[in-house]
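Residue-level structure breakdown
Given next are the chains, with one letter for each unit.
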Amino acid sequence: MAHEFLAWFQNQRGKLDTEKVGIVDFPGHGRGAIALQDIPEDYTLFTIPRDLTLSTRTSSLPTLMGAAWKEHGLHEGWAGLILCMMWEESRGAVSKWLGYLATLPNAFDTPMFWGEDDMKELQGTAVVDKVGRDEAERDYHGKLVPAFESRPDLFPSDKLTQYFSLERYHLMGSRILSRSFHVERWKGEPAEDDDENDGSDHGGDTSAMDVDPQDAARPSTEGIANVAPADGSDGAEELQVEEIDDEDDEDEDREDPADVAMVPMADMLNARFESENAKLFYEEQELKMVTTKEIKAGEQIWNTYGDPPNSDLLRRYGHVDLVPLRPPLSGMGNPSDVVEVRADLVVSAATKKVKHGLQERVDWWLEEAEDDVFVLHTDCDLPEEFVSFARLLLLPQDEWEKTAKKSKLPKPKIDKDVLSVAAEVLEQRLKEYSTTAEEDEKLLAPGNVEQLSVNKRHAVVVRLGEKRILQGALKDVRAKLKLASTASKKRGREDDKGGKGKKPRKG
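A quick note: this is a predicted structure, and the numbers were derived from the prediction, not measured.

1. Overview of the overall build of the chain
Regarding its fold elements, the chain presents 18 helices and 16 strands. The proportion of buried residues among the 507 residues of the chain is 49%. Of all intrachain contacts in the chain linking residues separated by at least 6 positions in sequence, the fraction that spans at least 24 positions is 78%. Counting only carbon and sulfur atoms, one obtains 47% of the accessible surface of the chain, whose full area is about 25,200 Å².

This is the structure:
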């Protein structure tokens, strides 16, 4: 297959330095690239003509459908690119991308394709609410099926089952999620339209990797995994979350679906935490994979996913990274792991400590800060937004009124009351998992881990990574609470001692 793909790639004007780069199979990682010779930094490994990328800009399907493309909502999200890929595959040898599509994986280990029992292993993690299977299927039935019915000349009934089924839709969506690049149009290249687009399909993710302009400064790392807010309604006081209508900001952040592209050859490269040694850059007529450091003969050539947490690696690519963790954590895991804490847990904890109502403050916070999820990292520190929100809820009524009037968020100053709220929040968050960290450690221990299925092992790694962060943060919070309590008692003794023997002032 590798030989046939290379022949196709070269016939389509792609260029690969076959003396320095080899395409091989890596156990557990699929196909990848390896250095056959020592390769210097800033060396071009291969080039891809722009018209060889597969996107809604390069496929002829949008043009053939005309106005119906927008009428069916195919210009929004990933539905259009998924349909283009399905349609190109259905054309067989007529499609210029047949040689490329034939190399793409036909099965994924991502949660999108897991059964109910496997999904239960992810209870409590950030993965569950982000798989997006239901949303994707609504788009399939609401956008693609009507398109099929309106153009039987493009989507013949005898091909619907084989090439345009819901199963193929999910497969193509997963191919995009795991292998696509963000390729912006070149200056001067006509834009398809100026309409608003949203990336709601398959979770609203950005493309798997970004492409940099050739003349741009190369970043050392790029974090591309956006943490989507999780919806929550638990707690003593229900957290009412409403969408903030800020169209101008959304327009700036919104990805143009036409920029999402499948890039033959470039997606052959694997990625691993902090292992990037090559990156894709674009020029007017072509894209280039260029080394970012020297690569020795025999070493694998790595692209970058932006070093996302294991929860995103599993959801997008079906694997996890295990490397030595950094203090304050220890063991093997992903140093980029995160854990999400919903704001309603903070509201629930704060409600027990105050007599005033909190809904007005919650509404104000969502308007001013827009954060209804707080993200903890492997440094185990409480996020400043978490501290600020907790302080807002705990403010006396007069201070709250001053804060609201000034429209200024409370400073993220940690005190004993905030620590007390944080401790309860972290304890409650840990209870959302079906197992303890200690139980997960045992499951991953030698002699036990070999008995786990691949899916369960990945799920345990993800949930353990989140629990370690929560436990690390809780340990730190409890230590600070103890210190604050000791200091308070000491001050009390000193006050008592200083007050002995004093006579009341005479009037």
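2. Here's the deal with the packing of helix α12 (residues 343-351) against helix α16 (residues 416-430)
Viewed as axis vectors pointing N to C, α12 and α16 meet at an angle of 125 degrees, and their least axial separation amounts to 9 Å. Relative to α16, the element α12 lies oblique. The way α12 lies across α16 gives a crossing that is right-handed. Across the interface between the two elements, L345, V346, A349 and A350 from α12 touch V421, E424, V425, Q428 and R429 from α16. Grouping the constituent residues of the contact of α12 with α16 by class yields six nonpolar, one polar and two charged.

3. A word on the packing of aromatic side chains
For the coordinates displayed, the defined rule picks out 15 aromatic pairs. Aromatic pair W186 and Y282: ring centres 5.7 Å apart, planes at 85 degrees, arrangement edge-to-face. Here W186, found in the loop between β5 (181-182) and β6 (209-210), pairs with Y282, found in strand β10 (residues 278-282); they are 96 residues apart in sequence, far enough to count as distant. Accessibility expressed as a relative area gives 25% for W186, which makes it partly exposed. Y282 gets classed as buried once you look at its relative accessible area, which sits at 7%. Here a set of aromatic residues connected by ring pairs shows up, and it is made of Y140, F148, F155, F164 and Y169.

4. Notes on the nonpolar core
In terms of nonpolar packing, the biggest core is built from 61 residues, with M65 and L83 touching the most fellow members. When residues in this core are grouped by element, the largest group, eight residues, is from helix α4 (residues 79-90). Excluding its chain neighbours within four sequence positions, the residues that come into contact with M65 are H72, L74, L83, A147, R151, L154 and F155. Core analysis: the next-biggest nonpolar cluster, separate from the first, contains 44 residues, L376, L382, F386 and V418 among them.

5. Focus on the sheet that holds strand β9 (residues 270-271)
Strands sit in the order β2-β3-β12-β9 across an open sheet of four strands; the sheet is mixed. Whereas interior strands pair on both sides, the edge strands pair on one side only; in this sheet they are β2 (21-26) and β9.

6. What about the pattern of salt bridges?
Across all of its chains, the model carries 28 salt bridges by this definition. The closest approach of N and O atoms between D256 and R57, which form a salt bridge, is 3.5 Å. Pair noted here: D256 is in the loop between α10 (247-253) and β8 (260-261) and R57 is in the loop between β4 (44-49) and α2 (61-65), with a separation of 199 residues, a long-range link. A residue is classified by how much of its surface remains accessible, and R57, at 22% relative accessible area, is partly exposed. R429 is the partner of E432 in a salt bridge, and the nearest nitrogen-oxygen pair spans 3.2 Å. Members of the salt-bridge network, linked through shared partners, are E121, D440, K456, R463 and K467.

7. Points about the side chain of N277
Note that N277 resides in the loop between β9 and β10. Of the polar contacts made by the side chain of N277, one reaches the backbone oxygen of Q300; its length is 3.1 Å. A distance of 2.7 Å separates a polar atom in the side chain of N277 from the backbone nitrogen of W302. For N277, the residues in contact, after removing those within four places along its chain, are V290, T291, T292, K293, I295, Q300, I301 and W302.

8. Overview of the confidence of the model for the chain
Residues of the chain with pLDDT of at least 70 account for 82%, and the chain-wide mean is 86. Confidence drops under a pLDDT of 50 for residues 194-204, and excluding neighbours within four residues, the segment shows 36 contacts in the predicted structure. Note on residues 214-252: pLDDT is under 50 here. Beyond four places in sequence and across chains, it has 78 contacts.

9. Describing unusual backbone geometry
A cis amide bond links P327 to the next residue, P328, at an omega of 15 degrees. For P328, the position within the fold is in the loop between β13 (323-324) and β14 (332-333). Phi at D42 is positive, roughly 65 degrees, even though this residue is not glycine. Within the secondary structure layout, D42 lies in the loop between β3 (30-35) and β4. Phi at C380 takes a positive value of approximately 65 degrees, unusual for a residue other than glycine.

10. What to know about helix α7 (residues 133-150)
Counted at 1.5 Å a residue, the expected span for α7 with its 18 residues is 26 Å, and the 25 Å between its end C-alpha atoms agrees. If you look at α7, its biggest bend is around 30 degrees, right at Y140. Lining the buried residues of α7 we find α2, α4, α8 (157-163) and α9 (166-179).

11. Examining a positive patch on the surface
Where like charges cluster on the molecular surface, the positive patch consists of K402, K406, K408 and K411. Positionally, K411 belongs in the loop between α15 (397-406) and α16.

12. Notes on the pairing of β10
Most of β10 is tucked away, with five of its five residues classed as buried. Both faces of β10 are covered, namely the face carrying A278, L280 and Y282 and the face carrying K279 and F281. Judged from the five bridges that link them, β10 and strand β11 (residues 286-291) form a sheet pairing that is antiparallel. Paired with Y282 across the two strands is L287, which belongs to β11. Linking two consecutive strands that pair antiparallel, namely β10 and β11, is a turn of three residues.

What counts, and where the lines are drawn
- Residues numbered from 1 in each chain as written.
- Predicted model: local features only at pLDDT ≥ 70, side-chain atom pairs only at ≥ 80, totals over all residues.
- Heavy atoms only, no water.
- Helix = DSSP H or I, 4+ residues; strand = E, 2+ residues; numbered from the N terminus.
- Buried < 20%, exposed > 50% of the residue type's maximum accessible area, 1.4 Å probe, protein only.
- Contact = heavy atoms within 4.5 Å.
- Areas by Shrake-Rupley, 256 points an atom, 1.4 Å probe, with all protein chains shown as cover.
- Axes fitted to C-alpha atoms, helices over the stretch in contact; angles between N-to-C directions.
- Parallel < 35°, antiparallel > 145°, perpendicular 65-115°, else oblique.
- Left-handed = near helix turned anticlockwise from the far one by under 90°.
- Nonpolar A, V, L, I, M, F, W, Y, C, P; charged D, E, K, R; others polar.
- Phe/Tyr/Trp six-rings, centres within 6.5 Å; stacked < 30°, edge-to-face > 60°.
- Core = buried A, V, L, I, M, F, W, Y, C linked by side-chain atoms within 4.5 Å.
- Pairing = 2+ DSSP bridges.
- Salt bridge = Lys/Arg side-chain N within 4 Å of Asp/Glu carboxyl O.
- Polar contact = N/O pair within 3.5 Å; in protein donor to acceptor, adjacent residues only side chain to side chain.
- pLDDT = per-residue confidence, 0-100.
- Expected span 1.5 Å × (residues − 1).
- Bend = angle between axes of the 7 residues up to and from the residue.
- Patch = residues over 30% accessible without salt bridge, like charges linked within 9 Å, V, L, I, M, F, W, Y side chains within 5 Å.
- Lys, Arg positive; Asp, Glu negative; His and termini not counted.
- Charge placed at Lys NZ, Arg CZ, Asp CG, Glu CD.

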